[in-house]
Amino acid sequence: MYAIKSITMRTPYFYPFLILLFIIQVSFSLDDSNNILFNQEFENSFIDNTLYRTITNCPSDITVNVDSGNCSAVVTWPVLVSNLGYTINQTSGLVSGSSFPVGSTVIVFEERDGLNNLIDTCTFTVTVVDNEAPTPDAATLADVIAECEVTALTAPTATDNCGGTVTVTNDATLPISTQGTTVVTWTYDDGNGNTATQTQNVVIDDVTAPTPDVATLADVTAECEVTALTAPTATDNCGGTVTVTNDATLPISTQGTTVVTWTYDDGNGNTATQTQNVVIDDVTAPTPDVATLADVTAEC
């Protein structure tokens, strides 16, 4: 029968700086009741650092925005100090002064004594936030000009500091046919919550006059007078209503040719004119009121 004859332990010791240092010394003998077969002593130590942090300047979590024009940020922190004078080594993450990418990076330091016992750790997170909106590739967008309407717009582009896809949208309601200037706002979105906007003018300016449907208007002829005129027609390039007027004073009864000017107006400030002759030409001889005149007789 074997049994541990004795075990002796001594602990704890109070280490400087209020750290509890445990030194465990174990001495034991193995006894088979007749002889001591085995004697062994060993000593080990460990530190309970839950009572006091020995790394005195472990940083809190660090959150920074990207450096201007970059998709990263240079982040630094002070050299970590051990109250016990032990070595502190970084075991995880980028070192201080590095360019940290967008997102979170966990930094871990370990403090160990001369026997490589872990004394304390320091863990914090470096978070880099992309807060930069995309930059439009064109400083100013050129006007889009049409006479009647714009049915589609070509999307401009923008560049993101992180090189990601930029989604481009606008607030236009197509087609745009209202005469004048319509301001369209383009929005660039980098997908990280950052947006930039840019405006573009859509100018609808109808400068083309209506076109008469008949190249030359036929003369209007009468012997005595014209009391009404039939309005000719014209077609507008934008398909709008063409208002037709003339400068005639009716009835027209003056013998000879009266020139009437027709005006076609598209309502957008564009007009065209066309002339028409009104010819009054009396070619009919008078008609006697009495078919046969009575003889006129006398004696003397």
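Residues numbered from 1 in each chain as written. Predicted model: local features only at pLDDT ≥ 70, side-chain atom pairs only at ≥ 80, totals over all residues. Heavy atoms only, no water.

1. Some thoughts on the side chain of Ser 98
- As for its position among the elements, Ser 98 is in strand 8 (residues 98-101).
- Here Val 95 takes part through its backbone oxygen, which lies 2.7 Å from a polar atom of the side chain of Ser 98. (Helix = DSSP H or I, 4+ residues; strand = E, 2+ residues; numbered from the N terminus. Polar contact = N/O pair within 3.5 Å; in protein donor to acceptor, adjacent residues only side chain to side chain.)

2. Quick notes on the pairing of strand 22 (residues 271-280)
- Two elements, strand 18 (residues 220-222) and strand 22, share 3 bridges in a ladder whose sense is parallel. Directly across from Thr 221, in strand 22, lies its bridge partner Val 279.
- Hairpin connection between strand 21 (residues 256-265) and strand 22: a loop of 5 residues separates the two successive antiparallel strands, and Gly 267 in this loop has a positive phi of roughly 85°. (Pairing = 2+ DSSP bridges.)

3. Quick look at the state of the cysteines
- This structure, assessed with the given rule, holds 3 disulfides.
- For Cys 71, the disulfide goes to Cys 162, at an S-S distance of 2.0 Å. Taking the torsion about the S-S bond as the criterion, the Cys 71 to Cys 162 disulfide, at about 95°, is right-handed. In this pair, Cys 71 sits in the loop between strand 5 (62-65) and strand 6 (72-75) while Cys 162 sits in the loop between strand 13 (158-159) and strand 14 (167-170), placing the two residues 91 residues apart along the sequence. (Disulfide = S-S within 2.5 Å.)

4. Some words on the sheet that holds strand 14
- Across the sheet, which stays open at both edges, the 4 strands sit in the order 12-16-15-14 with mixed pairing between neighbours. Both outer strands of the open sheet, strand 12 (144-146) and strand 14, are each paired with one neighbouring strand and no more. Taken pair by pair, the neighbouring strands of this sheet meet at an average axis angle of 25°, ignoring direction.
- Examined bridge by bridge, strand 15 (residues 180-189) and strand 16 (residues 195-204) share 10 bridges and lie antiparallel to one another. Bridge pairing in strand 16 places Trp 186 opposite Gln 198. (Axes fitted to C-alpha atoms, helices over the stretch in contact; angles between N-to-C directions.)

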